[in-house]
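Breakdown of the fold
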Amino acid sequence: MSYRKTLKLICGFAGGSAVVVLAAAAADSRGYFGEQRGEVAGRWSRYTALQAAQPAWTPASHTPTPSGHAWDFNWDKRDPSALTNGKKKVKKEENATEDPSSEQDNGKPKATRNILLIRHSQYNLSGISDKERTLTPLGREQAEFTGKRLAELGLKYDVLIHSSMARATETANIISKHLSGLGVELVSCDLLREGAPIEPVPPVTHWKPDAVQYHEDGARIEAAFRRYIHRADPKQKEDSYEIIVCHANVIRYFVCRALQFPPEGWLRMGLNNGSITWLTIRPSGRVALRTLGDAGFMPPDKLTRT
């Protein structure tokens, strides 16, 4: 039987790369590739020696080491068990017959909050004041695409909150036109203005705010996080969908804080203008990131990050 027929037969039965290597080695030893038996033997011995020198693979040696940081279910200070601990003692003294578990059940959130964080569209970078930094023609197109996308999702939006800066306000106004039939209320908030949330790690050379800016902006942006990113109130009966139009630094910081990642890692993420970042907060306090900077609904030539 010829070598080709033998190799084809072996591969048909085994289908493995190891069989192919052995067959090729056998062919070499017979001179099919124009080499001598001694050359092949020497090459094979060097290969086996190299393989023996490699460290053996074991599951333990390739398993990532846990960071040791457990998930904090009371990260938003709204865990029902933590809120009712002090009240239980008072209730027991006032009325020992009342079941404390019923009070805790009534205080448990039952709805899921969906928060869609939208980065503003492209704006005029040459503007000196905030009022002059309005959207470019491309930026207005981007806002239209984002508004259409939000409308196409078919969700029942409860509110549209936006930063009070010009570029975020204009983006929110364009988006709201696509949601006009839903009666979504527009709310402006100064806490959501762009800023420097915390000094990034690793540092970057092209952007170095003063320490005082981190100190001032960081406190404000953290206050915005605490106001808007938390589990639902126990009185909320249905799942909610809230839109927040703001800025890249704010959104990236929110994502790190909500997922309990190191907040100083915020600058390691990039967001396109008009992109959608979707956070889901369960009644239990669990947080999930459904999308980060989604801009796939825009044509490639419309994508920017300015």
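Throughout what follows, the structure given in this document is the object of discussion. The model shown is predicted, which means the values in this text are computed figures rather than measured ones.

So, the overall build of the protein
Per the secondary structure count, the protein includes 9 helices and 6 strands. Here the protein holds 306 residues, and 38% of them are scored as buried. When contacts within the protein are restricted to residue pairs at least 6 apart in sequence, long-range pairs at least 24 apart make up 73% of them.

Observations regarding the pairing of strand S4 (residues 240-246)
Taking burial as the measure, the 7 residues of S4 include 7 buried ones, the bulk of the element. Taking every second residue as pointing to the same face, both faces of S4 are buried, with Ser-240, Glu-242, Ile-244 and Cys-246 on one and Tyr-241, Ile-243 and Val-245 on the other.

Considering the layout of surface pockets
Its boundaries defined by the atoms lining it, the largest pocket holds a volume of some 470 Å³. Taken together, 20 residues make up the lining of the largest pocket; nearest its centre are Arg-119, Glu-194, Ala-248, Asn-249 and Arg-252. Top element by residues in the lining of the largest pocket is helix H9 (residues 248-258). It accounts for 3 residues.

Structural notes on the packing of aromatic side chains
The final tally for this structure, using the stated rule, is 5 aromatic pairs. With 5.8 Å between their ring centres and 85 degrees between their planes, Trp-207 and Trp-266 make a pair best called edge-to-face. With Trp-207 in the loop between strand S3 (185-189) and helix H8 (211-228) and Trp-266 in the loop between H9 and strand S5 (276-281), the pair connects residues that are 59 residues apart, well separated along the chain. The exposure class assigned to Trp-266 is buried, which follows from its relative accessible area of 0%. Here the aromatic residues Trp-75, Phe-225 and Phe-254 are joined through ring pairs into a cluster of three or more. Looking at Arg-167, its charged tip hangs above the ring of Tyr-123, at a distance of 4.2 Å from the centre. The ring of Trp-278 has Arg-290 sitting right over it, with the charged end atom 4.1 Å from the ring centre.

Let's talk about the pattern of salt bridges
All told, the structure shown has 7 salt bridges when counted by the stated rule. Glu-222 serves as the salt-bridge partner of Arg-226, at 2.8 Å between the closest nitrogen and oxygen. Taken as a pair, Arg-226 and Glu-222 lie in helix H8 at a separation of 4 residues, close to a single helical turn. Where salt bridges share partners, they join Glu-222, Arg-226 and Arg-257 into one cluster.

What about the packing of helix H6 (residues 137-152) against helix H7 (residues 166-177)?
For the pair H6 and H7, interaxial distance at closest approach is 8 Å and the crossing angle is 45 degrees. When the axis of H6 is compared with that of H7, the two are oblique. As H6 runs across H7, the sense of the crossing is right-handed. Along the contact surface, H6 presents Arg-140, Ala-143, Glu-144, Thr-146, Gly-147 and Leu-150, while H7 presents Glu-170, Thr-171, Ile-174 and Ile-175.

A look at the nonpolar core
If you look at the biggest cluster of nonpolar residues, it comprises 29 residues, and the most contacted ones within it are Leu-192, Ile-229, Ile-244 and Phe-254. Listed by contribution, the elements that provide at least two residues to this core are strand S1 (113-119), strand S2 (159-163), H8, S4, H9 and S5. Sort the elements by how many residues they give to this core and H9 lands first, with 8 residues. Setting aside anything within four residues of it in sequence, one finds Ile-229 in contact with Trp-75, Arg-113, Ile-115, Ala-224, Phe-254, Ala-258 and Ile-281. Counting residues in each nonpolar core, the second largest holds 18 residues, with Ile-118, Ile-175, Tyr-241 and Ile-243 among its members.

Criteria and cut-off values
Residues numbered from 1 in each chain as written. Predicted model: local features only at pLDDT ≥ 70, side-chain atom pairs only at ≥ 80, totals over all residues. Heavy atoms only, no water. Helix = DSSP H or I, 4+ residues; strand = E, 2+ residues; numbered from the N terminus. Buried < 20%, exposed > 50% of the residue type's maximum accessible area, 1.4 Å probe, protein only. Contact = heavy atoms within 4.5 Å. 1 Å grid on protein atoms, 1.4 Å probe; cavity = no way out; pocket = protein on both sides within 12 Å on 5 of 7 lines; lining within 4 Å. Points joined across faces, edges and corners; volume = space filled by probe spheres on them. Phe/Tyr/Trp six-rings, centres within 6.5 Å; stacked < 30°, edge-to-face > 60°. Lys NZ or Arg CZ within 6 Å of the ring centre and 35° of its normal. Salt bridge = Lys/Arg side-chain N within 4 Å of Asp/Glu carboxyl O. Axes fitted to C-alpha atoms, helices over the stretch in contact; angles between N-to-C directions. Parallel < 35°, antiparallel > 145°, perpendicular 65-115°, else oblique. Left-handed = near helix turned anticlockwise from the far one by under 90°. Core = buried A, V, L, I, M, F, W, Y, C linked by side-chain atoms within 4.5 Å.

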